[in-house]
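Structural overview for review
Residue strings, one per chain:
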Amino acid sequence: MRDPGFTLTLRHLQAGYGDVQVLWDVSLEVRPGELVALIGANGAGKTTTLRAVASLLRARGGEVQFGTNRLDRMSAHDIVNLGVAMVPEGRQLFNQMTVEENLLTGSSLPRTRPLRRNNLDRVYTLFPLLRERRLQEASTLSGGEQQMLAIGRGLMSAPRLLMLDEPSLGLAPTIVEEVFRVVQDIRREGLTVLLVEQNVQQALRIADRGYVLESGRIVLAGPGLELLQSAEVRRAYLGI
């Protein structure tokens with residue numbers, strides 16, 4: 001039975017930058033063990049939603065709840081320590097550090113240090129190529145390898161919830177397939193995943209459920225495969 005204690009719940013979330021309001025009324029739920037996709041056009045507010053959950057951007061209204069914890073009242077550091085990890089768009093690696101050094105930065109909190117060796121072995125099992133490249137500088141990796149490294153660094157924090165922001169962005173089609181395979185493998189291990197992705201077809205195909213974000217508001221929600229067959233989604237995002 002799924003533990004209801006670590007459900008992520010957004011209620012009427014509002015957020016923005018300076019004078020610009022980006023999120024007007026975002027309500028969604030990610031239950032333990034689910035893979036939930038958040039899709040929408042550029043500028044819809046997908047990344048802003050993740051940043052608000054991670055407290056990298058302060059909410060202007062509404063609530064962000066993770067289990068019994070109000071994330072919108074917590075610091076980003078405390079949220080990571082609680083078990084919420086975000087893999088940002090663009091990867092944001094330490095390019096002059098080795099693969100393994102980058103991975104170890106993901107386990108710097110007191111909660112994760114005792115788990116460091118086991119988590120490192122887990123990441124290397126999931127991404128055998130990273131084990132081979134562990135002494136190389138991150139800057140020498142291909143785009144796909146860097147994305148795997150970014151995901152691996154997120155896993156090093158022993159998350160209860162992993163948020164992925166555009167993991168397939170800028171990657172070759174064959175590498176995109178590999179990234180989505182890895183996301184499915186992570187989910188099969190029981191990890192809860194919130195996936196922001198412009199590759200709508202791939203995202204909804206693997207998602208348990210999905211939400212469509214438009215101009216800072218949720219306009220559609222449902223099982224992933226049902227949304228993929230939705231006339232609105234097919235017309236707006238698949239050109240069908």
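Under an unreviewed UniProt entry, the name given to the protein is ABC transporter ATP-binding protein, and the source organism is Candidatus Segetimicrobium genomatis. The annotation that UniProt attaches to the protein under Sequence similarities (unreviewed entry) is "Belongs to the ABC transporter superfamily."

**Some details on the overall build of the protein**
Across its full length, the protein holds ten helices and ten strands. For a compact globule of 240 residues, the expected C-alpha radius of gyration is about 18 Å, and the protein comes in at 17 Å, within 12% of that figure. Dimensions of the protein, computed from C-alpha atoms along their principal axes, come out at roughly 45 × 45 × 40 Å. Here the protein, with 240 residues, has 51% of them falling under the buried criterion. Sequence separation of at least 24 residues holds for 67% of the intrachain contacts in the protein that already meet a minimum separation of 6. Counting every atom, the protein has about 10900 Å² of accessible surface; 50% of that belongs to carbon and sulfur. Both charge centroids of the protein, one from 28 positive and one from 26 negative side chains, sit 3 Å from each other.

**Some points on the layout of surface pockets**
Volume-wise, the largest pocket comes out at about 630 Å³. As for the largest pocket, its lining consists of 27 residues, of which Val80, Met86, Val87, Pro88 and Arg153 are closest to the centre. Contributions of two or more residues to the lining of the largest pocket are made by α1 (46-53), α2 (76-82), β6 (84-87) and α6 (143-155). Each residue belonging to the lining of the largest pocket can be placed in one class, and the counts come to 13 nonpolar, nine polar and five charged. Its boundaries defined by the atoms lining it, the second largest pocket holds a volume of some 160 Å³. Put simply, the parts of the chain that give the lining of the second largest pocket at least two residues each are α5 (128-132), α6 and α7 (173-188). Split into classes, the residues belonging to the lining of the second largest pocket amount to seven nonpolar, two polar and three charged.

**Considerations on the confidence of the model for the protein**
The share of residues in the protein with pLDDT of 70 or more is 98%, and the mean pLDDT across the chain is 93. Within the protein, the lowest mean pLDDT, 89, falls on helix α10 (residues 231-237), and the highest, 98, falls on strand β1 (residues 8-17).

**Brief notes about the pattern of salt bridges**
Within this structure, the stated rule accounts for 14 salt bridges. A salt bridge links aspartate 72 to arginine 70, with the shortest nitrogen-to-oxygen separation between them at 2.7 Å. Each member of the pair aspartate 72 and arginine 70 is classed as buried. As a salt-bridge pair, glutamate 145 and arginine 133 come within 3.1 Å of each other at their nearest N and O atoms. Of the two residues, glutamate 145 sits in helix α6 while arginine 133 sits in the loop between α5 and α6, which places them twelve residues apart along the sequence. Residue glutamate 145 is classed as buried on the basis of its relative accessible area of 14%. By sharing partners, the salt bridges in this structure join Arg11, Glu63, Arg70 and Asp72 into a single network.

**Some points on the packing of aromatic side chains**
If you walk through the whole model with that rule in mind, you get one aromatic pair. With a centroid separation of 5.6 Å and an interplanar angle of 45°, the aromatic rings of phenylalanine 6 and phenylalanine 66 are classed as tilted. In this pair, phenylalanine 6 is assigned in the segment before β1 and phenylalanine 66 in strand β4 (residues 61-66), connecting sequence segments 60 residues apart.

Scoring rules and cut-offs
- Residues numbered from 1 in each chain as written.
- Predicted model: local features only at pLDDT ≥ 70, side-chain atom pairs only at ≥ 80, totals over all residues.
- Heavy atoms only, no water.
- UniProt positions renumbered as here; feature names shortened; annotations may be inferred.
- Helix = DSSP H or I, 4+ residues; strand = E, 2+ residues; numbered from the N terminus.
- Rg over C-alpha atoms; globule rule 2.2 N^0.38 Å.
- Buried < 20%, exposed > 50% of the residue type's maximum accessible area, 1.4 Å probe, protein only.
- Contact = heavy atoms within 4.5 Å.
- Areas by Shrake-Rupley, 256 points an atom, 1.4 Å probe, with all protein chains shown as cover.
- Lys, Arg positive; Asp, Glu negative; His and termini not counted.
- Charge placed at Lys NZ, Arg CZ, Asp CG, Glu CD.
- 1 Å grid on protein atoms, 1.4 Å probe; cavity = no way out; pocket = protein on both sides within 12 Å on 5 of 7 lines; lining within 4 Å.
- Points joined across faces, edges and corners; volume = space filled by probe spheres on them.
- Nonpolar A, V, L, I, M, F, W, Y, C, P; charged D, E, K, R; others polar.
- pLDDT = per-residue confidence, 0-100.
- Salt bridge = Lys/Arg side-chain N within 4 Å of Asp/Glu carboxyl O.
- Phe/Tyr/Trp six-rings, centres within 6.5 Å; stacked < 30°, edge-to-face > 60°.

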